[in-house]
Amino acid sequence: MSAKIIDGKAFAATVREKVAGHVSRLKEVHGITPGLAVVLVGEDPASEVYVRNKGKQTLEAGMNSYEHKLPEDTPEADLLALVETLNDDPAVHGILVQLPLPKHIDEEKVINAIAPAKDVDGFHILNVGLLGTGQKAMVPCTPLGCLMMLRDHHGSLSGLNAVVVGRSNIVGKPMAQLLLRDSCTVTIAHSRTKDLAEVCRRADILVAAVGRPEMIPGDWVKPGATVIDVGINRIPAPEKGEGKTRLVGDVEFESAKDVAGAITPVPGGVGPMTIACLLANTVTACCRENNLPEPEGLTA
Ligand code: GUN
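The name recorded for the chain in an unreviewed UniProt entry is Bifunctional protein FolD, from Thioclava pacifica DSM 10166. The UniProt entry for the chain carries the following text under Sequence similarities (unreviewed entry): "Belongs to the tetrahydrofolate dehydrogenase/cyclohydrolase family." Here the chain is described in UniProt, under the heading Subunit (unreviewed entry), as follows: "Homodimer."

Given below as structure tokens:
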């Protein structure tokens, strides 16, 4: 049987609609417009595309967008000074410093200089600790998007075996914490895991976030499992013409879709959810800053 394809593009559109609804209430009832500041250092083309999309979608949701583009050779002290200015700016409710940063800048230092309440990436060490101890945190956008899709598909996740393949600070670790908070039995696997295939086959929920093209074949998937593919890998596609490429996930979609109960495609699965959740986090940060109730349906 073929799996249900989880349509991340459509799901992200519903999240953005909810965000826009909360934003218009914040404006009309409270006279507050949420604001998101995005900082880009250097001219990495992929980062420029991300930042442009973030700015566009922020404005479409009715929020204010503040873009700060700094040259590649910006001294660390200047970037830290900008972060400090944004921390103190009451019109800015969320701050995102686009990663990766140039090599001469200490990423951890910059991330931990962001006011935790404005850290819409959820990367600040305080937010990592709050999430790990089950307290109210800002939650990283990609795992938040995955959680929203899983809750939508399953209702309750309680008691399910979840395997997260990948142990990054941005996806793997926070994803595992969120699944644990929803009462899954969680395994974090990675490139050194012994019998990775066997570990994956135990998963009712399999989250792949390793960044290796099509590493997980269909026969590693438990029949009926839900597969969330976070990978976005560009590989050569000679069948499309010389020099052409295509996007694939960390899961071999063609074989996995015949085994899984539900699966996210690449592209059009997890990807669109990340920016939608960034907008959601900005609204959440704005509500918390103004002692208003948590925006329904947008938090972990
Ligand atoms: N670069 C690629 N993805 C991300 C992200 O989610 N947040 C930040 N800050 N930088 C990124």
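From this point on, the discussion continues.
### Considerations on helix α2 (residues 45-60)
Owing to its 3.6 residues per turn, the α-helix aligns residues three or four sequence positions apart on the same side. The end-to-end C-alpha distance of α2 is 23 Å, a good match for the 22 Å that 16 residues give at a rise of 1.5 Å each. Elements in contact with the buried residues of α2: α1 (8-30), β2 (35-41), β3 (64-70), β4 (94-97) and α10 (271-289).

### Some thoughts on the sheet that holds strand β7 (residues 205-208)
In space, the 6 strands of this open sheet follow the order β1-β11-β8-β7-β5-β6, with parallel pairing throughout. Each edge of the open sheet is held by one strand with a lone partner, namely β1 (4-5) and β6 (185-189). Sheet strands touched by helix α6 (residues 141-154): β1, β7, β8 (226-229) and β11 (262-263). Its angle to β8, the strand with the most contacts, is close to 160 degrees. Relative to strand β5 (residues 161-165), helix α7 (residues 172-181) is tilted by about 170 degrees, and along the sheet it contacts β5, β6 and β7.

### With respect to the pairing of β4
In β4, alternate side chains face the same way, and those of Gly94 and Leu96 on one face and Ile95 and Val97 on the other are all buried. Where β2 lies against β4, 4 bridges are found, and the strand directions are parallel. Within β4, the residue paired with Val39 across the bridge is Val97.

### Some thoughts on the UniProt feature "domain: Tetrahydrofolate dehydrogenase/cyclohydrolase NAD(P)-binding" (unreviewed entry) in the chain
UniProt tags residues 140-288 as "domain: Tetrahydrofolate dehydrogenase/cyclohydrolase NAD(P)-binding" (unreviewed entry). Segment residues 140-288 splits into 35% helix and 19% strand. End C-alpha atoms: 17 Å apart.

### With respect to a negative patch on the surface
Where like charges cluster on the molecular surface, the negative patch consists of Glu43, Asp44, Glu72 and Asp73. As for its position among the elements, Asp73 is in the loop between β3 and α3 (76-88).

### With respect to α10
Helix length check: α10, at 19 residues, gives a terminal C-alpha distance of 28 Å against a target of 27 Å (1.5 Å per residue), a fit within 8%. The buried count for α10 comes to 14 of 19 residues, which makes it a mostly enclosed element. The positive-phi residue at the C-terminal boundary of α10 is Asn291, with phi of around 55 degrees.

Basis of the calculations
- Here the residue index of a chain counts from 1 through its sequence in written order.
- For this predicted model, a pLDDT threshold of at least 70 governs which residues receive local features, and a threshold of 80 or more governs which side-chain atom pairs are given and counted, while totals over whole chains, interfaces and linings are taken from all residues.
- The basis for the side-chain values is all heavy atoms of the structure; hydrogens and waters are excluded.
- UniProt positions are given in the numbering used here, feature names are shortened, and annotations may be inferred rather than shown by experiment.
- Put simply, DSSP H or I for four residues or longer makes a helix, DSSP E for two residues or longer makes a strand, and each gets a number counted from the N terminus.
- Helix span, as expected, comes to 1.5 Å for every residue beyond the first.
- In this analysis, two residues are considered to be in contact whenever any of their non-hydrogen atoms come within 4.5 Å of each other.
- DSSP bridges decide pairing: two strands pair if at least two such bridges lie between them.
- Axes here refer to lines fitted to C-alpha atoms; in helices the fit is confined to the stretch in contact. Angles between the N-to-C directions go from 0 to 180 degrees.
- Type-normalised accessible area, obtained with a 1.4 Å probe on protein chains alone, sets the label of each residue: buried when under 20%, exposed when over 50%, and partly exposed for intermediate values.
- The patches reported here contain residues having more than 30% relative accessible area and no salt bridge. Joining distances are 9 Å for like charges and 5 Å for nonpolar side chains (Val, Leu, Ile, Met, Phe, Trp, Tyr).
- Only the protein chains shown count as cover for residues, and the accessible areas themselves come from Shrake-Rupley with a 1.4 Å probe.
- Any Lys or Arg side-chain nitrogen located within 4 Å of an Asp or Glu carboxyl oxygen qualifies as a salt bridge.
- His residues and chain termini do not enter the charge count, which takes Lys and Arg as positive and Asp and Glu as negative.
- Where a charge lies is defined by one atom per residue type, namely NZ (Lys), CZ (Arg), CG (Asp) and CD (Glu).

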